[in-house]
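Notes for the structure review
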Amino acid sequence: MLSDLKKRNLLSSGGGKPSSYTEKTASSKSAAEKAVRGRPSTKDLSAEKKLKKAEAHIKYLDAENELLKTLEELERQVKKCS
């Protein structure tokens, strides 16, 4: 019979697979699952991290807005030429 220590080592190591493999797979799955489900993060973020996240979101929205403006301008130009 295995000792408790050996059991814990086997369970934590992923059953003989290299630990980097199991860690990578586990983190990939959780990231993919979060993206699919669209659940908000349950982590408590510091005020600094919240600010950085909000600034990044604003930057993304600004870029998206500029893209939409460019597309609308191109559509107007196509309509004028037609």
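The structure presented is a predicted model; accordingly, all values stated were derived computationally and were not measured. (Residues numbered from 1 in each chain as written. Predicted model: local features only at pLDDT ≥ 70, side-chain atom pairs only at ≥ 80, totals over all residues. Heavy atoms only, no water.)

Examining the overall build of the protein
Summing up its helical and strand segments, the protein has 3 helices and 0 strands in all. When the elements of the protein are put in sequence order from the N terminus, they spell out α-α-α. Burial analysis of the protein (82 residues in total) assigns 0% to the buried set. In the structure as shown, the protein presents an accessible area of about 8000 Å², 58% of it carried by carbon and sulfur atoms. (Helix = DSSP H or I, 4+ residues; strand = E, 2+ residues; numbered from the N terminus. Buried < 20%, exposed > 50% of the residue type's maximum accessible area, 1.4 Å probe, protein only. Areas by Shrake-Rupley, 256 points an atom, 1.4 Å probe, with all protein chains shown as cover.)

Comments concerning the confidence of the model for the protein
In this model, the protein carries a mean pLDDT of 76, and residues with pLDDT of at least 70 account for 55%. Across the protein, helix H3 (residues 47-81) holds the top mean pLDDT of 96, while helix H1 (residues 4-13) sits lowest at 56. (pLDDT = per-residue confidence, 0-100.)

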